[in-house]
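Each chain is listed here by its residues.
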Amino acid sequence: MSSICYDLHSHSTASDGVLSPAALVRLAAENGVDVLALTDHDSTDGHAEAAATADEVGIHFVPGIEISVSWRKRLIHVVGLGIDGNFTELQQGLVHLRIKRQQRAEAIGARFEKIGMPDVYAGACALAGGVVGRLHFAMYLVEQGEVRDIQQAFKKYLLKGKRCYVPCEWASLEDALGWIHGAGGQAVVAHPARYKMSRTLFREFLVDFKALGGAALEVACSSHSAEEACLMANYADELGLLASVGSDFHSPHNSWAKLGQLHPLPEGCLPVWQDWK
Ligand code: AMP
Ligand code: MN
Ligand code: MN
Ligand code: MN
């Protein structure tokens with residue numbers, strides 16, 4: 001077993017994280033992370049700052065992305081690792097996704113207005129460094145004392161089927177993997193145990209993902225139990241996929257997703273970094 005500490009899924013203020021890219025990288029170094037990927041939602045804007053800070057503090061930086069994908073009308077997050085942020089087709093795709101995010105944010109704001117909460121859109125915008133996401137809405141609702149915590153904000157207003165949920169058609173799986181591969185990266189299914197799919201449907205998804213050249217499943221992540229990690233390790237083995245490790249860190253105030261603090265991969269997993277230099 002290698003003793004190198006990897007965290008290959010994290011967020012900064014370039015999407016819905018609360019730390020700047022520089023502060024994120026400094027915290028990673030303090031926490032003993034050796035290799036950190038910044039994987040903001042639909043944006044690579046944090047890469048330059050994160051890379052410069054990683055050089056300063058002496059850790060390895062992996063430029064990444066977390067792309068919102070619609071697969072059979074379901075939202076799936078696909079992480080890209082080791083991408084060249086200058087690849088034109090990737091950036092064109094991301095611009096398009098951020099336009100959709102902005103339109104959706106305005107529509108969510110209109111929903112809140114309709115239920116007598118007209119200030120929520122402006123409040124969420126004020127909390128966002130880049131494009132507004134649902135987490136910014138949730139953060140504003142917590143700040144205002146409307147809800148107890150982020151979870152409750154999602155449960156009450158923002159999850160599918162709730163009052164202020166607005167559906168959106170994101171990138172196709174084919175496009176997302178095409179952009180990641182064109183940019184020289186590896187595609188990873190983010191937090192795979194979080195999708196509420198039957199085993200049959202999930203396997204169909206994995207078959208599609210693999211057929212499009214997908215590389216790995218995030219086997220170890222903060223939202224997985226030890227059993228879920230083993231289940232995902234088995235799927236990876238069955239489908240011939242590698243295994244990744246990522247905290248999905250958003251904020252130091254979140255007690256369950258700590259930067260760089262993850263269970264090791266289950267025995268027998270082939271790590272996504274096996275061929276990295
Ligand atoms: P969006 O990409 O704007 O649709 O928002 C998705 C983001 O919201 C995720 O990346 C998480 O940061 C956060 N999120 C989604 N569901 C929940 C939840 N149930 N509890 C807390 N945060 C959530
Ligand atoms: Mn997020
Ligand atoms: Mn995600
Ligand atoms: Mn994430």
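All values derive from a computational prediction rather than experimental measurement.

(A) View of the coordination of the manganese ion (ligand 3). Protein ligation of the manganese ion (ligand 3) involves Glu66 (OE), His77 (ND1) and His191 (NE2), the donor distances falling in the range 2.1 to 2.2 Å. If you list the donors of the manganese ion (ligand 3) from N- to C-terminus, the spacing comes out as E-x10-H-x113-H. Here the manganese ion (ligand 3) and the manganese ion (ligand 2) are spaced 5.6 Å apart. A residue pair is termed long-range when its members are at least 10 positions apart, and His77 in strand β4 (residues 74-81) and His191 in the loop between β5 (186-189) and α8 (199-211) qualify at 114 residues.

(B) The arrangement of unusual backbone geometry in detail. The phi angle at Lys73 is positive, at roughly 65 degrees, despite the residue not being glycine. Summarising the element assignment, Lys73 is placed in the loop between β3 (60-71) and β4. The exposed category is assigned to Lys73, whose relative accessible area is 75%. The backbone phi angle of Asp248 is positive, close to 60 degrees, even though this residue is not glycine. The exposure class assigned to Asp248 is buried, which follows from its relative accessible area of 10%.

(C) Representation of the coordination of the manganese ion (ligand 2) in the model. The protein atoms donating to the manganese ion (ligand 2) are Asp16 (OD), Asp16 (OD), His41 (NE2) and His250 (NE2), with metal-donor distances spanning 2.2 to 2.7 Å. Note that the manganese ion (ligand 2) binds six donor atoms; their angles at the metal cover 51 to 160 degrees, and the shape is irregular. Sequence spacing of the donors to the manganese ion (ligand 2): D-x24-H-x208-H. By relative accessible area, Asp16 is classed as buried at 11%. Among the residues examined, His250 registers a relative accessible area of 14% and is labelled buried.

Scoring rules and cut-offs
- Residues numbered from 1 in each chain as written.
- Chains lettered and ligands numbered in written order.
- Predicted model: local features only at pLDDT ≥ 70, side-chain atom pairs only at ≥ 80, totals over all residues.
- Heavy atoms only, no water.
- Donors = N, O, S within 2.8 Å, 3.2 Å for Na, K, Ca; no water.
- Helix = DSSP H or I, 4+ residues; strand = E, 2+ residues; numbered from the N terminus.
- Buried < 20%, exposed > 50% of the residue type's maximum accessible area, 1.4 Å probe, protein only.
- Tetrahedral: all angles 85-135°; square planar, octahedral: opposite > 155°, others 65-115°.

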